[in-house]
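Spelled out from the first residue to the last, the chains are:
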Amino acid sequence: MVAETNHPLDALVSKIGKTDVLACYQCKKCSAGCPVTPDMDILPHQVIRMIQFGMKERLLNSKTIWLCASCETCTARCPNDVDLAKVMDVLRQMAINSGEPLGDSRVPFFHSAFLSSIRKRGRIYELEMIAKYKLKTREFKKDIKLGIMMFLRGKLKLVSSKIKGKKEIKDIFSQAKKGVTG
Ligand code: SF4
Ligand code: SF4
């Protein structure tokens with residue numbers, strides 16, 4: 001059950017995320033177990049506190065929401081069943097919907113290139129995905145050495161491989177889209 005709230009942001013995130021952000025008592029277990037805290041600008045337990053305080057703009061501009069790897073360690077550890085991984089999902093979607101510049105646009109660009117490849121081919125075609133990502137980020141020189149090494153080791157194929165079940169994968173995307181817009 002979602003508790004009564006003082007801030008619209010509390011209510012919204014709790015409702016969409018189907019979790020009660022007011023149940024958090026700041027024990028910090030989530031942050032203690034999170035593998036990406038060294039790179040975050042706001043720690044996971046602080047995310048929840050800032051939601052409680054209604055600090056929407058600061059949260060939606062943060063790098064943290066894009067660095068979260070959705071590993072669900074925080075969710076599994078929380079003694080109060082706060083689904084922090086889901087909360088991060090909600091904040092990411094809110095940031096995209098806001099139309100404002102994102103705290104770290106590279107991650108959504110990567111997600112978009114990754115999903116576009118899966119939607120189209122049913123699996124990743126690495127060269128196409130990297131090309132789309134690089135066109136968006138304009139970081140053409142970055143990772144060249146890594147790319148060459150991957151190519152030499154056969155990790156980057158020149159031609160994409162075919163898979164069965166592409167129709168089923170397209171259906172999954174359609175269903176997911178209906179879930180978001182429906
Ligand atoms: S583990 Fe749960 S209760 Fe503890 S700080 Fe994190 S979200 Fe709050
Ligand atoms: S789901 Fe995100 S915030 Fe939670 S532990 Fe994993 S990376 Fe950290």
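Analysis parameters
- Residues numbered from 1 in each chain as written.
- Chains lettered and ligands numbered in written order.
- Predicted model: local features only at pLDDT ≥ 70, side-chain atom pairs only at ≥ 80, totals over all residues.
- Near = placed C-beta within 6 Å.
- Helix = DSSP H or I, 4+ residues; strand = E, 2+ residues; numbered from the N terminus.
- Expected span 1.5 Å × (residues − 1).
- Buried ≥ 20, exposed ≤ 12 C-beta atoms within 10 Å, placed from the backbone.
- Contact = placed C-beta atoms within 7 Å.
- Axes fitted to C-alpha atoms, helices over the stretch in contact; angles between N-to-C directions.
- Parallel < 35°, antiparallel > 145°, perpendicular 65-115°, else oblique.
- Left-handed = near helix turned anticlockwise from the far one by under 90°.
- Nonpolar A, V, L, I, M, F, W, Y, C, P; charged D, E, K, R; others polar.

(A) Layout of the site of ligand 1. Around ligand 1 there are 15 residues in total, and Cys 24, Cys 27, Cys 30, His 45 and Cys 78 lie nearest to it. For the shell around ligand 1, the secondary structure elements donating two or more residues are helix H2 (29–33) and helix H3 (44–52).

(B) Highlighting helix H7 (residues 84–98). The terminal C-alpha atoms of H7, which comprises 15 residues, lie 21 Å apart, in line with the 21 Å expected from a rise of 1.5 Å per residue. Within H7, the full set of buried residues consists of Leu 84, Ala 85, Val 87, Met 88, Val 90, Leu 91, Arg 92 and Ala 95. In this structure, the buried residues of H7 make contact with helix H1 (8–17), H2, H3, helix H4 (56–60), helix H5 (64–67) and helix H6 (73–77). Downstream of H7 by one or two residues, Gly 99 has phi in the positive range, about 75°.

(C) Quick peek at the packing of H1 against H7. Running from N to C, H1 and H7 cross one another at 110°; their axes reach a closest spacing of 9 Å. The orientation of H1 with respect to H7, classified from their angle, is roughly perpendicular. Regarding H1 and H7, the two cross each other, and that crossing is right-handed. Along the contact surface, H1 presents Val 13, Ile 16 and Gly 17, while H7 presents Lys 86, Val 87 and Val 90. In terms of residue class, the contact of H1 with H7 is built from 4 nonpolar, 1 polar and 1 charged.

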